[in-house]
Amino acid sequence: MTETLLLRLAENGQGIRDWLLFDDQGEGQGLVHSGPPDHAVIATARRIVALVPGCQVTLSTAQVPCRNRQRVLKAIPYALEDQLASDVEDLHFALGPAVEGGRYPVAVVGRQQMDAWTGWLRQQGIQVNAMIPDMLALPLAADGWSGMVEGGLTTLRGGKSGGFCCDNDLVGMLIGLQSDDDELHPRLTLHGQVVQDFEGLDIEHVDEELKPLQVMAHGLDMQSAIDLMQGDYSRREEWGRYLRPWKATAALLLAGLLLAGVS
């Protein structure tokens, strides 16, 4: 049975908040552990998925009349430019699976933040297979929103590829605004061990015995989640950046071998 190592990165981008091994059915193989896993766990995992803090990622949608994903990825920054506070050159864009009408779910995060996450993981010798915004690992609500409260923040998911993170005091107001725009009901399914009421929302509490990472292991669907490791941060590009400095050395070595063979 395939085991996936699920890591949740800390808010400050320097460290691992907690981790869990789980199987293909989302069932945890052991306890949730705080801090980073040891090297033996990393080495034996078949797949490693990192959940990044949703408060540092913006989820949106864009309409691009094209089916070639590489071309769409190049066009998306300019399709969303008017909605973003930062220059598109300073941002990284990742696509989800296309939906009807040529619309694409999009995750947007600062390049500086992506560099911090990937650089820290590389320093620790951790090669992740995917990097997912944590709100997209919450279980999908059949009707309305799903959420989880940790401290003063609530992480929310609305639909397959929508969601955001906000202060607890703003949950009712923001869900009301988002529900009007997206035709989602102002109904909230709260997961995890924290039981809390929000004014103006119809709330159902579930999974009250599960820790946050256990809830996310159940809710994670790699087929529909938006993997941030695209474009400049794809595995192929990462290997290309690593090998590029060695190209000249390899060419000289090959030339030397050819001359030796001729002589």
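Structure shown above.
The rules behind these values
Counting of residues starts from 1 at the beginning of each chain's written sequence and follows it residue by residue. With the structure being a predicted model, the display of local features is reserved for residues of pLDDT at least 70 and the display and counting of side-chain atom pairs for 80 or more, all residues being used for whole-chain, interface and lining totals. Processing note: side-chain calculations cover all non-hydrogen atoms of the structure and skip hydrogens and water entirely. The helix and strand labels rest on DSSP assignments: H or I over at least four residues marks a helix, E over at least two residues marks a strand, and numbering proceeds from the N terminus. Note: two strands are recorded as paired if DSSP finds a minimum of 2 bridges between them. Only the stretch in contact is used when a helix axis is fitted, and all axes are lines through C-alpha atoms; the angle between N-to-C directions ranges over 0 to 180 degrees. Only protein chains enter the accessibility calculation, which uses a 1.4 Å probe; a residue whose area is less than 20% of its type maximum is buried, one above 50% is exposed, and one in between is partly exposed. For this analysis, residues touch if any pair of their heavy atoms sits within 4.5 Å. Cavities and pockets are defined on a 1 Å grid built over the protein atoms alone: a cavity is a set of grid points where a 1.4 Å probe fits but cannot escape, while a pocket is an open set with protein on both sides within 12 Å along at least five of seven lines, and lining residues are those with an atom within 4 Å of any such point. Grid points are joined across faces, edges and corners, and a volume is the space filled by probe spheres set on the points. Under the grouping applied here, Gly and all other residues not named as nonpolar or charged are polar, the nonpolar ones being Ala, Val, Leu, Ile, Met, Phe, Trp, Tyr, Cys and Pro and the charged ones Asp, Glu, Lys and Arg. Nonpolar side chains (Val, Leu, Ile, Met, Phe, Trp, Tyr) within 5 Å and like charges within 9 Å form the patches, drawn only from residues with over 30% relative accessible area and no salt bridge. To be clear on the numbers: accessible area is Shrake-Rupley with a 1.4 Å probe, and residue cover counts the displayed protein chains and nothing else. The working definition used for a salt bridge is a side-chain nitrogen of Lys or Arg within 4 Å of a carboxyl oxygen of Asp or Glu. Of all possible arcs, the one meant is that of the directions from the helix axis to the C-beta atoms.

### A few points about the environment of Q83
Its location among the elements puts Q83 in the loop between α2 (69-79) and β6 (91-95). The spatial distance from the C-alpha of Q83 to the C-alpha of S60 is 9.4 Å, given a sequence separation of 23 residues.

### Concerning the sheet that holds strand β13 (residues 202-206)
The strand order across the open sheet formed by 5 strands is β11-β10-β9-β12-β13, and the pairing between neighbours is mixed. Lying at the two open borders of the sheet, with one neighbouring strand each, are β11 (163-167) and β13. Each neighbouring strand pair of the sheet contributes to a mean axis angle of 25°, computed without reference to strand direction. One ladder, built from 6 bridges, connects strand β9 (residues 145-150) with strand β10 (residues 153-158); its direction is antiparallel.

### Focus on the environment of L188
Among the secondary structure elements, L188 is positioned in strand β12 (residues 187-191). You can call L188 buried: its relative accessible area is 1%. Setting aside anything within four residues of it in sequence, one finds L188 in contact with W145, S146, G147, L156, V171, I175, F198, L201, D202, I203 and E204.

### Considering empty space enclosed by the protein
If you walk through the whole model with that rule in mind, you get 1 cavity of 30 Å³ or more. For the largest cavity, the calculated volume is near 30 Å³. Lining the largest cavity are R8, L9, A10, E11, R17, P53 and D134. Taken together, the residues of the lining of the largest cavity sort by class into 3 nonpolar, no polar and 4 charged.

### Notes on a nonpolar patch on the surface
Taken together, L170, M173 and L177 make up a surface patch of nonpolar side chains, about 280 Å² in accessible area. With respect to the helices and strands, the residue M173 is situated in helix α4 (residues 171-182).

### Let's talk about the pairing of β12
Within β12, 4 of the 5 residues are buried, leaving the element largely enclosed by the surrounding structure. Inspection of the sheet shows β9 paired to β12 by 4 bridges, in the parallel sense. In the sheet register, W145 faces β12, and the bridge partner there is L188. Judged from the 5 bridges that link them, β12 and β13 form a sheet pairing that is parallel. When the bridges of β13 are listed, T189 appears paired with E204.

### Section: the sheet that holds strand β5 (residues 58-63)
Strand order in the open sheet formed by 3 strands is β5-β7-β6, and the pairing between neighbours is antiparallel. Looking along the sheet, the strands with just one partner apiece sit at the ends: β5 and β6. Adjacent strand axes in the sheet meet at a mean angle of 35°, parallel and antiparallel pairs treated alike. Inspection of the sheet shows β5 paired to strand β7 (residues 103-110) by 6 bridges, in the antiparallel sense.

### Focus: α2
All of the buried residues in α2 are V72, L73, I76 and P77. One side of α2 holds all its buried residues, which, seen down the axis, span an arc of 140°. Among the exposed residues of α2, those pointing more than 90 degrees away from its buried face are R71, K74 and Y78. Each element contacted by the buried residues of α2 is listed here: β5, β6 and β7.

### Focus on the layout of surface pockets
Taken as a whole, the second largest pocket spans an internal volume of roughly 390 Å³. In this structure, the second largest pocket is lined by 15 residues; those nearest its centre are L73, F93, Q230, G231 and D232. Only α2 and β6 provide two or more residues apiece to the lining of the second largest pocket. At 5 residues, the largest contribution of residues to the lining of the second largest pocket is made by α2.

### What about the pairing of β7?
Counting buried residues in β7 gives 6 out of 8 residues, a clear majority hidden from the surface. One ladder, built from 5 bridges, connects β6 with β7; its direction is antiparallel. Note that in β7 the partner of A94 across the bridge is A107.

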